[in-house]
Amino acid sequence: MTSRSLWSRAALAALLCLGPTPPAQGAAPTMTLRLTHGGALLSGALRVTRADELTGIWSSVGRARMLRCTPRCEVVGTLPVPGVLNLGTGSSYRVVLGGNFKVGQKVSLVLRYRNTQITNLMATVAR
């Protein structure tokens, strides 16, 4: 195991220990992960009470890649969340996780916003 993967796991564990999600900064409960070649694409809508920026997403398999797809997809460091951020294949913004997933599997995700808010959510793997 590399030091980078150990650090990622330690960071995820630390974020999960921070406590429950505050009610003002929540995510839609219907997030899904769609299987792709070599990983999964997060689909659904993130909702926040005021405009913010998403600065990172982690799961048990590591840090997710955030992409802006206009016209080509490129990795970005932050995603704007103007109240509602739609993610998925038809959106300008995408989040992908690398790894092996099985249909029906539940994956815990930790989202970090610019204003230091942390949100925990669960996504189910679908086809």
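Criteria and thresholds
- Residues numbered from 1 in each chain as written.
- Predicted model: local features only at pLDDT ≥ 70, side-chain atom pairs only at ≥ 80, totals over all residues.
- Heavy atoms only, no water.
- Helix = DSSP H or I, 4+ residues; strand = E, 2+ residues; numbered from the N terminus.
- Buried < 20%, exposed > 50% of the residue type's maximum accessible area, 1.4 Å probe, protein only.
- Areas by Shrake-Rupley, 256 points an atom, 1.4 Å probe, with all protein chains shown as cover.
- Salt bridge = Lys/Arg side-chain N within 4 Å of Asp/Glu carboxyl O.
- Disulfide = S-S within 2.5 Å.

**Digging into the overall build of the protein**
Along the protein, the regular secondary structure elements total one helix and 11 strands. For the protein, with 127 residues in total, the buried portion stands at 40%. As displayed, the protein offers around 7200 Å² of accessible surface, 55% of which is attributable to carbon and sulfur atoms.

**Structural notes on the pattern of salt bridges**
Scanning all chains against the criterion turns up two salt bridges. R68 is paired through a salt bridge with E74; the nearest N and O atoms lie 2.5 Å apart. The class of R68 is partly exposed, set by a relative accessible area of 32%.

**Things to note about the state of the cysteines**
Applying the stated criterion across every chain, the model contains one disulfide. Bridging C69 to C73, the disulfide has an S-S length of 2.0 Å. Because the torsion about its S-S bond is 110°, the bridge between C69 and C73 counts as right-handed.

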